[in-house]
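Fold and geometry: a report
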Amino acid sequence: LLHDRGSIEQNIDIDLARLYIASGRQTQAATLLSGISSSLDSLYLHTILGRSLGFERAVSSVRHSRSQVYQLLVESLPYSQTDEVFTAVEKERSLPFWGDLGSSSYAREAISRAAALLEQYTERPDASGDIQRIQAAIGDVLMEQMNNDSVSLQAARTGLRDTIAALHEVQSVLNTQEVVLEYFVAEQKVYVVTVRNDTAAVFTLNISAADLKTVVDTYRELLLRGKDMPGDTLWKSSARLLSCELIEPLRTRGFLKRNDHILIAPHQVTHLIPFGALPVCVPDSSEKFLLEESMVSYVPSGSFLVKSRGTPPREMHSVAAIASSELKYADEEVKGIPVAAFRKASIVQDRDLDTKELLEKLSNHDLIHIAAHARMNFMHPLYSAISFSSGRVQLYEILGRPLTASLVVLSACETGIAAGAGGEVPAGHDLVSFPRAFLTAGARAVIASLWLVEDEATATLMRTFYRHLTTSHNLQPSSALIQAQREFLSDAQRTGKKAHPFYWGAFGLVGDLR
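Conventions used here
- Residues numbered from 1 in each chain as written.
- Predicted model: local features only at pLDDT ≥ 70, side-chain atom pairs only at ≥ 80, totals over all residues.
- Heavy atoms only, no water.
- Core = buried A, V, L, I, M, F, W, Y, C linked by side-chain atoms within 4.5 Å.
- Buried < 20%, exposed > 50% of the residue type's maximum accessible area, 1.4 Å probe, protein only.
- Contact = heavy atoms within 4.5 Å.
- Helix = DSSP H or I, 4+ residues; strand = E, 2+ residues; numbered from the N terminus.
- Pairing = 2+ DSSP bridges.
- Polar contact = N/O pair within 3.5 Å; in protein donor to acceptor, adjacent residues only side chain to side chain.
- pLDDT = per-residue confidence, 0-100.
- Expected span 1.5 Å × (residues − 1).
- Phe/Tyr/Trp six-rings, centres within 6.5 Å; stacked < 30°, edge-to-face > 60°.
- Salt bridge = Lys/Arg side-chain N within 4 Å of Asp/Glu carboxyl O.
- Axes fitted to C-alpha atoms, helices over the stretch in contact; angles between N-to-C directions.
- Parallel < 35°, antiparallel > 145°, perpendicular 65-115°, else oblique.
- Left-handed = near helix turned anticlockwise from the far one by under 90°.
- Nonpolar A, V, L, I, M, F, W, Y, C, P; charged D, E, K, R; others polar.

**Overview of the nonpolar core**
The biggest cluster of nonpolar side chains holds 145 residues, and the ones touching the most others in it are L181, Y183, L246, F275, F438 and F465. The residues contacting F438, other than those within four sequence positions of it, are I370, I386, I398, L403, V408, L410, A443 and V446.

Below is the structure:
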């Protein structure tokens, strides 16, 4: 009842803020919306850490309202107030996800237990007689969380304040060749905050939010035709449009330079764009792709970058690689990893271990490579799974297992797609995806794919990636991946085989290892 009453009051305030914006009273709107956003942040934290077990509850009306409020807040702030706009964009995507807060480890364990119980019930047709037992067990888990509610909520509020980096803090960790592009897709407009070490600015892009989604959907549909029609070129017009709308305006304003390392912080539908595989929007570019003249990688947010670079980098002395026996080239792929370059190596076939043993294998290695099938469950994201012949490893299980890995390579289909990217869930830093799960569990960076990758091409790409990673002195994994993609593209263009971006453009690195 309290929540319902609060929702009514918030809706009235949101409508009032809209009137302020429509009448040109941006300052009053921003003040009102800042207060509403703080209230919704606390309510969100209360929902996920105090009285909720599943992701579904956390993305209910609280997140819808919160997403709406932050969109209005960004719209109400003058572009000249770059620091304030950046903070609002960061706050929208920087709420803690399951397991982000060290003080709430009990919640992660409770969620894992409850998820296991629910899975046991939903997957067993004969489990109807166990309903009361399962309900009682879940009730015990709920009570455990409620008993810890006041402590965890206070810790979460403190953690949220600590996780939001100021604009100058992000600038302080960037070098002269790095630029952060933090996109923000509002109800009608698309914004981007550009951050270099010596300057920052906010831009409204010319493409509307609705048109952006249409173009991205068209591009992806046409791009995937490359598997069966590698000579198809229909994808080019939508790809060039995305490049000209999302990248080129920043280049013409001097915020992007050739040979930059572009760190993309995507938002909503921009999560689905392989930025490095977009053609450069320059008439005389001879159809060059962005990754041919710039480094491209991804970060969840600017605040993530500050936190990551505030801790010492980890050396990669050990590797664990797991190959699915269901993929034709998976065994060849993991055998192509130069294990002699590591002090410790563990290469296994998935049929040799059950899923619990597979998870154990992953826990204590610096580099983890998984060649297997994966599927995102958009209805129940925590049940998304990486499949092996011996069973499945579900996303909530990854969240519940602390990792020490510097890098996780997910050489599997659609491992980079996030629930929420397509608008079915309001966006934010807490979008559910495999990269986010591994980052939350402790990995520093994750390489993942945005579509159903082709097995043989992926094996070739990964073999080249590891060659660059292990033979080039101090080469970062993001650079090694880009070098591998450039080499694959160059060879494909020379031979006339598999030059279509479907074969080489799906993979990107999320995170930071500098």
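So, next bit.
**A short note on the pairing of strand 14 (residues 507-511)**
Sheet faces and side chains relate simply in a regular strand, where the side chains alternate between the two faces. The element strand 14 is largely enclosed, with a buried count of five among its five residues. Across five bridges, strand 13 (residues 445-449) lies against strand 14 in antiparallel orientation. Within the sheet, the bridge partner assigned to V446 lies in strand 14 and is V510.

**Let's talk about the side chain of D232**
Topologically, D232 is positioned in the loop between helix 10 (209-223) and helix 11 (235-246). A polar contact of 3.1 Å, which involves the side chain of D232, links it to the side chain of R225. From its side chain, D232 meets the backbone nitrogen of L234 in a polar contact 3.3 Å long. Ignoring sequence-local partners within four residues, the contact set of D232 consists of L222, R225 and H500.

**Some points on the confidence of the model for the chain**
Per-chain confidence: the chain averages 81 in pLDDT, with 76% of residues scoring 70 or above. In the predicted structure, residues 51-55 sits below a pLDDT of 50 and forms 26 contacts with residues beyond four places in sequence or in another chain. In the predicted structure, residues 98-108 sits below a pLDDT of 50 and forms 29 contacts with residues beyond four places in sequence or in another chain.

**What to know about helix 5 (residues 82-93)**
Taking 1.5 Å as the rise per residue, helix 5 with twelve residues should run 16 Å; its terminal C-alpha atoms sit 17 Å apart, in good agreement. Inspection of helix 5 places T82, V85, F86, A88, V89, E90, E92 and R93 among the buried residues, and these make up the whole buried set.

**Some points on the packing of aromatic side chains**
Scanning the entire structure with this criterion turns up ten aromatic pairs. Ring centres of F502 and Y503 lie 5.1 Å apart, and the angle between their planes is 90°; this geometry places the pair in the edge-to-face category. With respect to class, F502 is no different from Y503; both count as buried. An aromatic cluster is defined as three or more aromatic residues linked by ring pairs; in this entry it consists of Y79, F184 and Y191.

**Observations regarding the pattern of salt bridges**
Tallied over the entire structure, the rule returns 17 salt bridges. With its nearest N and O atoms 3.4 Å apart, the salt bridge here joins E456 to K498. Taken as a pair, E456 in helix 19 (residues 455-471) and K498 in the loop between helix 20 (477-495) and helix 21 (501-504) lie far apart in primary sequence, 42 residues in all. Sharing partners across several salt bridges, the network here consists of E248, R251, R258 and E293.

**Description of the packing of helix 19 against helix 20**
Across the interface, helix 19 lies against helix 20 with an axial gap of 8 Å and an inter-helix angle of 130°. When the axes of helix 19 and helix 20 are compared, the pair comes out oblique. Helix 20 is crossed by helix 19, and the crossing has right-handed handedness. In this structure, helix 19 uses A457, T460, L461, T464, F465, R467, H468 and L469 to contact helix 20, whose residues at the interface are P477, A480, L481, Q483, A484, Q485, E487 and F488. Looking at the contact of helix 19 with helix 20, its residues break down into nine nonpolar, five polar and two charged.

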